[in-house]
Amino acid sequence: MKTTLIIMAAGIGSRFGTGIKQLAKMGPNGEIIMDYSIHDAKEAGFDKVVIIIRKDIEEEFKEIIGNRIGQYMDVEYVFQSLDDLPAGFSVPEGRTKPWGTGQAVLCCKGIVKEPFAIINADDYYGKEAFKLLHDFLVQPHESNGKFRMGMAGFILKNTLSENGTVTRGICVTDKDGMLTDVLETPGIGYNAEGKLVCDREDAQAILSEDVPVSMNMWAADPDFLDYLEEGFVDFLKNLGDNPTKAEYLLPIIVDDLLKKDKATVKVMKTPDKWIGITYKEDTELAQKGFRDMVASGLYAADLWSK
């Protein structure tokens, strides 16, 4: 069975300062985080990669990674834009940013027709997570009328930044490891007393270093793209009081499906340590992380040499 990796790389990255954070060099030969993700996905069995970008950075993307990766794996591009809206809708006055991760993945409809995994461009997930999601996608299964989904569940303490707070989807699971709730929680970090805190009151009660969290690494079948298309229309009809900031976000979409009993989501726990660039100051730590993995033999110094 064919499988595709979808990479969300259209984020503006305002917290990163100048430059495009998804293209920051990490490895000894100028490899970027996406190099390692695509390498791990190919190793796990994924056949194709679809990269979601903005049209204005297409040339730079192809120069830095696309032309190189195309030698080893099928690569396609789709473009997320603010004005890519269903018929009858227009961009609200004052809105400047696209509509979030749900709209980003929706851009793949018509291009992705096989089971797929979704990741962020600026997050390193580790080898184990790709293996878990690929194996999940190719497993035979019977339809029960619900969307079949999976997600990699990372340990919260392995996903924090030393340079500021983070937003994470805190996961609540049942005894069988199936997701029951996703609490999209901003402001997670340690306070001056060293206590782990967050900006969401109902999440604080279950907040711990070992709680599983979503890092936007999802697995789904192509029928989920049809649902995203329907849901985007409903979202646009109900923008509420803040149409310039409302976002169509994957964790919220999945949580809504769970509440309506329209999806099952298997949480596949991974011990891998996340590496990401939330803040510009994270770059040096990330580069050290990749140097250490190369030194340990986890990756070749010339990543694509084998």
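Our subject is the structure listed above.
Presented here is a report on the structure given in the accompanying data block.

So, how was this worked out
Residues numbered from 1 in each chain as written. Predicted model: local features only at pLDDT ≥ 70, side-chain atom pairs only at ≥ 80, totals over all residues. Heavy atoms only, no water. 1 Å grid on protein atoms, 1.4 Å probe; cavity = no way out; pocket = protein on both sides within 12 Å on 5 of 7 lines; lining within 4 Å. Points joined across faces, edges and corners; volume = space filled by probe spheres on them. Nonpolar A, V, L, I, M, F, W, Y, C, P; charged D, E, K, R; others polar. Phe/Tyr/Trp six-rings, centres within 6.5 Å; stacked < 30°, edge-to-face > 60°. Helix = DSSP H or I, 4+ residues; strand = E, 2+ residues; numbered from the N terminus. Lys NZ or Arg CZ within 6 Å of the ring centre and 35° of its normal. Axes fitted to C-alpha atoms, helices over the stretch in contact; angles between N-to-C directions. Parallel < 35°, antiparallel > 145°, perpendicular 65-115°, else oblique. Left-handed = near helix turned anticlockwise from the far one by under 90°. Contact = heavy atoms within 4.5 Å. Salt bridge = Lys/Arg side-chain N within 4 Å of Asp/Glu carboxyl O. Buried < 20%, exposed > 50% of the residue type's maximum accessible area, 1.4 Å probe, protein only. Expected span 1.5 Å × (residues − 1). Core = buried A, V, L, I, M, F, W, Y, C linked by side-chain atoms within 4.5 Å. Pairing = 2+ DSSP bridges.

1. Here's the deal with the layout of surface pockets
Then comes step 1: Space inside the second largest pocket adds up to approximately 360 Å³.
Then comes step 2: Every residue lining the second largest pocket is counted, 16 residues in all, and those nearest its centre are Leu160, Ser161, Glu162, Lys273 and Leu285.
Then comes step 3: Of the residues that constitute the lining of the second largest pocket, the class distribution is seven nonpolar, six polar and three charged.

2. Concerning the packing of aromatic side chains
Two descriptors summarise a pair of aromatic rings, namely the distance from one centre to the other and the angle between the planes of the rings.
Then comes step 1: Counted under the stated rule, the structure contains 14 aromatic pairs.
Then comes step 2: Judged by centre distance (6.1 Å) and plane angle (15°), the rings of Phe232 and Phe235 are stacked. Residue Phe232 and its partner Phe235 are both found in helix H6 (residues 223-237); the two are separated by three residues, about one turn of the helix.
Then comes step 3: Across the ring face of Phe136, the terminal group of Arg148 is positioned such that the distance to the ring centre comes to 4.7 Å.
Then comes step 4: Looking at Arg168, its charged tip hangs above the ring of Trp274, at a distance of 4.7 Å from the centre.

3. Let's talk about the packing of helix H1 (residues 33-44) against helix H2 (residues 58-69)
Then comes step 1: Closest axis-to-axis distance for the H1/H2 pair is 11 Å, and the angle between their directions is 20°. Relative to H2, the element H1 is oriented roughly parallel. The two elements H1 and H2 meet at a crossing, and its hand is right-handed. Contact residues: H1 offers Met34, Asp35 and Ile38, while H2 offers Phe61, Ile65, Arg68 and Ile69.
Then comes step 2: Per-class residue counts for the contact of H1 with H2 are five nonpolar, no polar and two charged.

4. Notes on the pattern of salt bridges
When their charged atoms lie close together, side chains carrying opposite charge are able to pair.
Then comes step 1: Evaluation of the coordinates by the stated rule reveals 19 salt bridges.
Then comes step 2: Among the salt bridges present, the one from Lys48 reaches Glu114, with a minimum N-O distance of 3.7 Å. Placement of the pair is Lys48 in strand E2 (residues 48-53) and Glu114 in the loop between helix H3 (101-106) and strand E4 (116-120), with a sequence separation of 66 residues. With respect to class, Lys48 is no different from Glu114; both count as buried.
Then comes step 3: In this structure, Asp256 engages Lys260 in a salt bridge whose closest nitrogen and oxygen atoms are separated by 3.0 Å.
Then comes step 4: By sharing partners, the salt bridges in this structure join Asp40, Glu43 and Lys127 into a single network.

5. Quick look at H1
Then comes step 1: Compared with an ideal rise of 1.5 Å per residue, which puts 12 residues at 16 Å, H1 spans 17 Å between its outermost C-alpha atoms and is within 8% of the ideal.
Then comes step 2: Within H1, 10 of the 12 residues are buried, which leaves it mostly tucked inside the rest of the structure.
Then comes step 3: Taken residue by residue, H1 has Ile33, Met34, Asp35, Tyr36, Ser37, Ile38, His39, Asp40, Ala41 and Ala44 as its buried positions.
Then comes step 4: A positive phi of about 120° marks Gly45, the residue just after H1.

6. Quick look at the environment of Met1
Then comes step 1: With respect to the helices and strands, Met1 occurs in the segment before strand E1 (4-8).
Then comes step 2: On the accessibility criterion, Met1 (64% relative accessible area) is exposed.
Then comes step 3: Distance in space between the C-alpha atoms of Met1 and Met149 is 17 Å, their sequence separation being 148 residues.
Then comes step 4: Apart from the residues within four sequence positions on either side, Met1 is in contact with Asp47, Pro115, Leu137 and Val138.

7. What about the side chain of Ser214?
Then comes step 1: Checked against the element boundaries, Ser214 lands in strand E10 (residues 212-220).
Then comes step 2: Ignoring sequence-local partners within four residues, the contact set of Ser214 consists of Met151, Ala152, Arg168, Gly169 and Cys171.

8. Quick notes on the nonpolar core
Then comes step 1: Membership of the largest hydrophobic core comes to 61 residues, with the highest contact counts inside it found for Leu5, Ile7, Phe46, Phe61, Phe130, Ile188 and Met217.
Then comes step 2: Of all the elements, H1 adds the most residues to this core, at six residues.
Then comes step 3: When sequence neighbours within four positions are dropped, the list of residues in contact with Phe46 reads Thr3, Thr4, Leu5, Ala41, Met73, Ala117, Phe130, His134 and Leu137.
Then comes step 4: Membership of the second largest hydrophobic core comes to 43 residues, among which are Leu106, Phe147, Val182 and Leu239.

9. Comments concerning the pairing of strand E6 (residues 147-155)
Then comes step 1: Extensive coverage of E6 is indicated by the burial of eight of its nine residues.
Then comes step 2: Across eight bridges, the pairing between E6 and strand E11 (residues 263-270) is parallel. In the strand pairing of E11, Gly150 is matched with Lys266.
Then comes step 3: Bridge analysis of E6 against E10 gives six bridges, and the strand direction is antiparallel. Bridge assignment links Phe154 to a residue of E10, and that residue is Val213.

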